[in-house]
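# Commentary on secondary and tertiary structure
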Amino acid sequence: MASTSLHTILEGYLPLNTWITSLIIAAICFSSTYIFTSLSFFIKSFGDRRHKNLEPPTLPYWIPVLGSSMVMLKNGHEFYEGAMKKAKGSIIGARLGPMYVYLICGAANVQTIFRNSRALSSDFLVLEVYRKVINIPAADLKIFQNDNSGPGKDSFPGTEIPEEQRIWRHIHHAQAVNLQSKEGLEAIVRVFTREFLTVLEEDELEIGEWKELGMYEWFRTKMSTASTIALVGRRIFEYNPHTIADFWEYFAGFMSLFLGLPDFMNAKIVAARERSMDGFVRLLKSIEGEGKYEGIMKSEEEWDENLGSMFNRSGDKAMRECGVTLEGRGRLMAGSLIGINGNAIPTAAWLLLECIQDPALLSSLRNEILTAVTIVGGDIEVHMEKLAALPLLSSVFTEILRLRISTTPTRQLRNDLLVDGYLLKKGNTVMCPSHIAHITSTPWSSSPQPPDQFFAERFLNQKEPEAGTYFPFGGGSSKCPGRFFAKQEIYLAVAIIIAKYDFEFLGFSTFEGEKSERGPLPDIRNAGSGALVPDREVRCRMRRRF
């Protein structure tokens, strides 16, 4: 009787043999995919395919459609290293979801990619970020897709986009004027310095009073707040008081969003992104509803409490005039923080974390930094030109970029291109992983410390790295437009912290507060996308020096 009842109950569910059959079918599908792609790789790897108008071999993979994307998402650095071993230091193909990519290795090959800007487009990468990471409306995405005239003053030959609709040109101009010109850079740096010092004073720490803290999270919050206010204004915090926390939560899932992981597998990341985006959309809606927008845009003040910097205001004005919706503009405004805050703040934090763990390095850097600052009473003035010329600070900064920035300049082929004798076909994508160049290239091997280990003095007496061996900001005509502001912002924040505070190293912990036996390593979840955040906290005591 019991057996009959159980049988009756199970009949209401998927029969067991159907589950087994499904698993068998999946196993056959995955294993046959791997066997087929492995055989293809073996055949194409047999002999030299170069200089025969042939593509490089393709990495084997298990999962149809997704290809190697899950392997890359699990550990991007291991994926790149394994791929380059199979490529024997040259070029190899890979299926990453809907994209077919060529992974490029070797200084000469990387330089070939950077030199052929006309044959390659970085718009594709930006559009993928807009679509998958920022999730702008389809109608707004179409405005960017329709503009094929390029970012330069003159349109690409054969294009007929009216000047007022050249959205890439207008955004590029806003970046050039406000993030790269001397006047624009000085203006935004002034505001950041003012806001950073203000945020630090909010701690109300008395001179000589010790405070125990987790350095990374404390510093990240302070610098993020100041940088966000400098870039996009103060009012965003009225519409989302958790702007900083939401940003870092969804930024941690950048690569999972970019590679198209389904929302149900990425629920917390997507929720944090939507909270962040919604705050900026409501901010813009409120400003326009109050009738303030036109006045803000006409103002020539270097900073506005509603929308912050001239960079942010001029960029939003250009998008509005090109027809981008309020929803799209709010999302793009929120997304603009990815490129600057998402890279500058972890980089500055790594520099401080290395110093706190090494009292001798901290002392040497402080002695050097104090030659570039003026301290009167409780006030500090930083002299940027002197600061930028400090040799040890510059060496540590460059070493941090080498080891803690993992970028992958990505371009779509407008035309067929021959690189190292291989045919790279129009419509496919090329990727140049900086991680491979930054830890394997010959220039780093001459130093006392191995290339994969931090060495503060590595760049003290080193000549300019060979082209194609060092590219933390990308390369060619599509280098990071915010790199000049990011560098000055990093130098200023680090100099102020080191000059203003004493530190006593206490140990390491997880971000959940558990004691850790090892120090921070890069969190490789976002490998290939830019600065990598630390996966451990550095505990210390801190006190004000003046």
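Criteria and thresholds
Residues numbered from 1 in each chain as written. Predicted model: local features only at pLDDT ≥ 70, side-chain atom pairs only at ≥ 80, totals over all residues. Heavy atoms only, no water. Helix = DSSP H or I, 4+ residues; strand = E, 2+ residues; numbered from the N terminus. Rg over C-alpha atoms; globule rule 2.2 N^0.38 Å. Buried < 20%, exposed > 50% of the residue type's maximum accessible area, 1.4 Å probe, protein only. Contact = heavy atoms within 4.5 Å. Areas by Shrake-Rupley, 256 points an atom, 1.4 Å probe, with all protein chains shown as cover. Lys, Arg positive; Asp, Glu negative; His and termini not counted. Charge placed at Lys NZ, Arg CZ, Asp CG, Glu CD. Core = buried A, V, L, I, M, F, W, Y, C linked by side-chain atoms within 4.5 Å. 1 Å grid on protein atoms, 1.4 Å probe; cavity = no way out; pocket = protein on both sides within 12 Å on 5 of 7 lines; lining within 4 Å. Points joined across faces, edges and corners; volume = space filled by probe spheres on them. Nonpolar A, V, L, I, M, F, W, Y, C, P; charged D, E, K, R; others polar. Pairing = 2+ DSSP bridges. Axes fitted to C-alpha atoms, helices over the stretch in contact; angles between N-to-C directions.

### A word on the overall build of the chain
- Per the secondary structure count, the chain includes 22 helices and 17 strands.
- Here the C-alpha radius of gyration of the chain, 25 Å, is about what a compact globule of 546 residues would show, namely 24 Å.
- Seen through its principal axes, the chain has C-alpha atoms that stretch 80 × 70 × 55 Å.
- Classification of the 546 residues of the chain by burial places 53% in the buried group.
- At a minimum sequence separation of 6, the contacts of the chain that also span at least 24 residues come to 71%.
- Put simply, the chain shows about 25300 Å² of open surface, and 55% of that area lies on carbon and sulfur atoms.
- If you average the places of the 60 positive and of the 63 negative side-chain charges in the chain, the two averages end up 6 Å apart.

### Focus: the nonpolar core
- Counting residues in each nonpolar core, the largest one holds 137 residues, and the members touching the most others are Leu103, Phe144, Phe196, Met215, Phe219, Leu387 and Ile497.
- It is helix H17 (residues 326-357) that contributes the most residues to this core, 16 residues altogether.
- Phenylalanine 144 has contacts with Leu127, Tyr130, Ile136, Ile167, Trp168, Ile171, Met319, Val324 and Leu332, leaving out every residue within four places of it along the chain.
- Counting 17 residues, the second-largest nonpolar core is a separate cluster that includes Ile104, Leu417, Val419 and Phe471.

### With respect to empty space enclosed by the protein
- A complete count under the given rule lists two cavities of 30 Å³ or more for this structure.
- There is about 40 Å³ of room inside the largest cavity.
- In terms of lining residues, the largest cavity is bounded by Ser69, Leu96, Gly97, Pro98, Met99, Lys132, Phe258 and Leu259.
- The class makeup of the residues in the lining of the largest cavity is five nonpolar, two polar and one charged.
- Counted as a void, the second largest cavity has a volume near 30 Å³.
- Looking at the second largest cavity, the residues that line it are Leu200, Glu201, Asp203, Glu204, Leu205, Tyr501 and Arg544.
- When the residues that make up the lining of the second largest cavity are grouped by side-chain class, the tally is three nonpolar, no polar and four charged.

### Remarks on the layout of surface pockets
- Here the second largest pocket defines a volume of roughly 740 Å³.
- Residue lining of the second largest pocket: 34 residues in total, with Glu464, Tyr470, Pro472, Phe473 and Lys487 positioned closest to the centre.
- Every element with two or more residues in the lining of the second largest pocket is listed here: helix H5 (107-115), helix H19 (384-388), helix H20 (391-404) and helix H22 (483-500).
- At six residues, H20 tops the list of elements feeding residues into the lining of the second largest pocket.
- Tallied by class, residues from the lining of the second largest pocket come to 17 nonpolar, 10 polar and seven charged.

### Regarding the sheet that holds strand E4 (residues 211-214)
- Read from one edge to the other, the open sheet built from four strands follows the order E4-E17-E14-E15, with strand pairing classed as antiparallel. Across the chains shown, the open sheet's two edge strands, defined by having one partner strand only, are E4 and strand E15 (515-516).
- Across eight bridges, the pairing between strand E14 (residues 501-509) and strand E17 (residues 537-544) is antiparallel. Note that in E17 the partner of phenylalanine 503 across the bridge is methionine 542.

### Things to note about the sheet that holds strand E1 (residues 91-96)
- Taken together, the five strands give an open sheet; going across it, the order is E1-E2-E13-E10-E3, and neighbouring strands pair in mixed fashion. Unpaired on one side and paired on the other, E1 and strand E3 (120-121) mark the two borders of the sheet.
- By the bridge criterion, six bridges tie E1 to strand E2 (residues 99-104) in an arrangement that is antiparallel. Along E2, the bridge assignment pairs isoleucine 92 with leucine 103.
- Packing of helix H4 (residues 76-87) onto the sheet brings it into contact with E1, E2 and strand E13 (429-431), and relative to E1 it is tilted by some 135 degrees.

### A word on the pairing of strand E10 (residues 410-413)
- In terms of strand pairing, E3 meets E10 through two bridges, oriented antiparallel. For serine 121, the partnering residue across the bridge sits in E10 and is glutamine 412.
- When E10 meets E13, the two strands line up antiparallel, connected through three bridges. Bridge pairing in E13 links arginine 411 to valine 430.

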